[in-house]
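Below are the chains, spelled out letter by letter.
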Amino acid sequence: MKMVGLAKPHLIEDWTQCMIKSIGEIIDEVLHQLEKAGIPRTIEAYQLVLETGMAESGYRALEGYGKGNPAVSFWQIEPATIRDIWENYISFRKPLIEATYKLGLIEENKVFSVFSNIALAVAFCRIHYRRQPGAIPKTMPARAAYWKKTYNTKLGKGTVDHYVAANMKRNK
């Protein structure tokens, strides 16, 4: 019996590369929109957001891994983090309020908005990093350490080695 519709391994790799290319285009546009709201658009910011998605989900999961994990989006942003970013940062910056609305934020349902909208998830990921001290590092290993310290944190299961490995796969 011939199985119809099963993906061949090389098609999966092609699909993954195509998906990452599309995600990269979304990231670039969102960073452009956030730049208009006062957040610098840099190659390091682009790389950090793209690499964070690879490390957090490999662009394969919109919901948190494991029992009880409430994180949403490819960037695995927790609802408490979404609320904190809104209440303690965005809500005090009119240009960012406007930018997030333009990207599709539904104020009464922020978590669902980030879960269901790639552009908005990119914005929240970038804004999360914007709130952290220091410049975004220029090299992937340094960004991996920055991610672990400021995004995944000491409580997270991710490691610097995992971040680098996930992103080396992307670069092959």
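Residues numbered from 1 in each chain as written. Predicted model: local features only at pLDDT ≥ 70, side-chain atom pairs only at ≥ 80, totals over all residues. Heavy atoms only, no water.

K.L.:
Requested: an account of the confidence of the model for the protein chain, with residues and values cited.
P.N.:
For the protein chain, the mean per-residue pLDDT works out to 91, and 90% of the residues sit at or above 70. Below pLDDT 50 for its whole length, residues 1-9 participates in 1 contact with residues either more than four positions away or in separate chains. (pLDDT = per-residue confidence, 0-100. Contact = heavy atoms within 4.5 Å.)

K.L.:
An account of the packing of helix α2 (residues 43-56) against helix α7 (residues 140-152) is needed here, citing residue identities and associated values.
P.N.:
Running from N to C, α2 and α7 point in directions that differ by 65 degrees, and their axes come no closer than 10 Å. Here α7 runs roughly perpendicular to α2, going by the angle between their axes. Considering the relative orientation of α2 and α7, their crossing is right-handed. Between α2, through Glu44, Gln47, Leu48, Glu51, Thr52, Ala55 and Glu56, and α7, the contact on the second element is made entirely by Met140, Arg143, Tyr146, Trp147, Tyr151 and Asn152. (Axes fitted to C-alpha atoms, helices over the stretch in contact; angles between N-to-C directions. Helix = DSSP H or I, 4+ residues; strand = E, 2+ residues; numbered from the N terminus. Parallel < 35°, antiparallel > 145°, perpendicular 65-115°, else oblique. Left-handed = near helix turned anticlockwise from the far one by under 90°.)

K.L.:
How would you summarise the packing of helix α6 (residues 118-130) against α7 if you had to cite specific residues and measurements?
P.N.:
Across the interface, α6 lies against α7 with an axial gap of 10 Å and an inter-helix angle of 100 degrees. Compared by their axis directions, α6 and α7 come out roughly perpendicular. Counting all contacts with α6, which are made through Cys125, His128 and Tyr129, the residues of α7 involved are Tyr146, Trp147, Thr150 and Tyr151. Residue composition of the contact of α6 with α7, grouped by class: 5 nonpolar, 2 polar and no charged. (Nonpolar A, V, L, I, M, F, W, Y, C, P; charged D, E, K, R; others polar.)

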